[in-house]
Each structure stands twice: as structure tokens, then as C-alpha cells.
Amino acid sequence: MTARFVLLVVAKAPVPGLAKTRLTPPATPAQAARIAAAALLDTLDAVCAVPGAAPVVAMTGDLGAAALAPEIGAALRHVTTIPQRGWDFGARLAHAHADAAAVHAGLPILQIGMDTPQVTPESLAEAAAPVVAGGHDSVLGPAADGGWWALGLAEPRHAQVLAGVPMSRDDTGERTVRALKACGLRPWRAAELSDVDTMADARAVAALCPDGRFARAVAAVRGQAVA
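Residues numbered from 1 in each chain as written. Predicted model: local features only at pLDDT ≥ 70, side-chain atom pairs only at ≥ 80, totals over all residues. Heavy atoms only, no water.

A. View of the environment of Leu-18. With respect to the helices and strands, the residue Leu-18 is situated in the loop between strand E1 (5-12) and helix H1 (29-48). Leu-18 sits in the exposed class, given a relative accessible area of 53%. Here the alpha-carbon distance between Leu-18 and Thr-120, two residues 102 residues apart in the chain, equals 27 Å. (Helix = DSSP H or I, 4+ residues; strand = E, 2+ residues; numbered from the N terminus. Buried < 20%, exposed > 50% of the residue type's maximum accessible area, 1.4 Å probe, protein only.)

B. Molecular detail of helix H5 (residues 172-182). Taken residue by residue, H5 has Thr-172, Gly-173, Thr-176, Ala-179 and Leu-180 as its buried positions. For H5, the arc enclosing every buried residue in end-on projection is 125°, short of the 170-degree limit, so these residues lie on one face. Turned more than 90 degrees away from the buried face of H5 sit Lys-181 and Ala-182, all of them exposed. (Arc of directions from axis to C-beta.)

C. Representation of the sheet that holds strand E4 (residues 109-112) within the structure. On the basis of which strands lie adjacent, the open sheet formed by seven strands has the order E3-E2-E1-E4-E6-E5-E7 and mixed pairing. Bordering the open sheet on either side are strand E3 (80-83) and strand E7 (188-189), each of which pairs with just one other strand. The pairing of E1 with strand E2 (residues 53-60) spans eight bridges and is classified as parallel. Residue Lys-12 lies in a different strand from E2, and its bridge partner there is Thr-60. Of the strands in this sheet, E1, E2 and E4 touch H1, which is tilted by about 175° from E1. Across the sheet, helix H3 (residues 89-103) is in contact with E1, E2, E3, E4 and strand E6 (148-153); its angle to E1 comes to roughly 140°. (Pairing = 2+ DSSP bridges. Contact = heavy atoms within 4.5 Å. Axes fitted to C-alpha atoms, helices over the stretch in contact; angles between N-to-C directions.)

D. The arrangement of helix H4 (residues 121-132) in detail. Turning to H4, its buried residues number three or more, namely Leu-124, Ala-127, Ala-128, Pro-130, Val-131 and Val-132. The elements touched by buried residues of H4 are E1, H1, E4, strand E5 (138-142), E6 and E7. Looking one or two residues beyond H4, the residue adopting positive phi is Gly-134, at roughly 90°.

E. Seen up close, the packing of H1 against helix H2 (residues 69-76). Two elements in contact, H1 and H2, have axes whose closest approach is 10 Å; the angle formed by their N-to-C orientations is 20°. Considering the angle they form, H1 stands roughly parallel to H2. Viewed along their axes, H1 and H2 form a crossing whose handedness is left-handed. For the pair formed by H1 and H2, the contact residues are Ala-37, Leu-40, Leu-41 and Leu-44 on the first element and Glu-71, Ile-72, Ala-75 and Leu-76 on the second. Here the contact of H1 with H2 is composed, by residue class, of seven nonpolar, no polar and one charged. (Parallel < 35°, antiparallel > 145°, perpendicular 65-115°, else oblique. Left-handed = near helix turned anticlockwise from the far one by under 90°. Nonpolar A, V, L, I, M, F, W, Y, C, P; charged D, E, K, R; others polar.)

F. Representation of the pairing of E4. Burial of E4 is two-sided: the residues Ile-109 and Gln-111 facing one way and the residues Leu-110 and Ile-112 facing the other way are all buried. Here E1 pairs with E4 via four bridges, running parallel. When the sheet's bridge partners are listed, Val-9 is paired in E4 with Ile-112.

Shape descriptors only; they carry no functional weight alone.
Next up, the structure:
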């Protein structure tokens, strides 16, 4: 099938001690890394099942030291992998869009992270539809914490505005909307999702996708006392 859009996943190698540190405690560093790895693997399963999508992963970190490294390596063989580059997260996002567009010239891009393992092929296709069908120039999927989980752009060059948006704040979503509007775009609002920052988040998200790796990794932490 000819690709109609790029599905870009911005990901970080789930290395124990570096991944999902806000889950510890009650999770151990190793358990937190396995939760992050499971989230990435479930996300990649959904991404690779979206009809008409060309999957690209912008990766940073040491995959050799990551939890579930063999499984992640096997999953990445089914996608195009590019390295992240840039001085901060906003710049890395902007560069990831540019680099993905260089691989798949002329295609719109829907970018997500690895913190919403509850996504499905259907929900991803629905989020991308406004820019893929040509009816809208951009899409932003808000996150419950004030950030965003998905950004769709009909013209990937507009991702350069992300370099000026402070990330990981409770007003990042609002600031991103303002930045998109400032360059003449009119972003369509996609469905709101909860991403995974805390163990409460992880358990709530796991309940939405109980049959995946993520839910099993979260369940392994249950019953431990909080230090």
C-alpha cells in the first residue's frame, strides 16, 4: 500500500535509572524501565498496523542498555529509525519532523510519543485524518496534564515553531496552539488522552489497554509499598 502519511514516534531508550524515574517508588528502576519499554512496544504495534502510514521512529539513548532490548530491536526492524538531534526537547521535535520529511518527502506527518500505549490503529488513523484528507493544516491532540500527545502537520516545515515552545509544562499544549496559530495555522483538536508520568497515570492507562505488554508491566508493581 502506498503511504499517505508519516507516523512519527519520538522515543527514548528505556534504560534503568533514566527511564520513567517518576514511577520510582513504588516501582524499582528496572520495573520503571520495563514499563517504558512495554509502552514503546505497544505503541509500535499500533503504529505499524495503521493503514497507509509510513512508520518512523526518532530515537535517542543507548538501546544496548535498555530494558527489553532484544524485543525493541526486533520491533525497530519494521520501521525507519532516525537519530534525534537538537539542544533541547523542542528542538529535537522540530528536527525529527524535518528529518522524517526528508525520508518521506511530500507527506503529512502525525507525531506522537511513547507515553500513550493506549493508542490503537483506529485512534491514530482518526487523529491523522484531518491533515491526511486535506481538510485541515494541523492537528493537536491535548494531554490531560496540559501538554499534548499528538501533533499532525500537513506541511512538516511548520514544526520549526516547536523549537520555541517550552515543553513538559502544564501550559505546553496552550503554548503550542498559540505558536501554530502565530504562523497562520488553524489546528484541529483531536481527542484528549492521558499520558504516563506517574504510577497513578500508569495504572489508569493500563486499565484502558488491559491485554497489552504495558498493562502486564504495570501489574508487576502492584502490591509493593510506597517508600
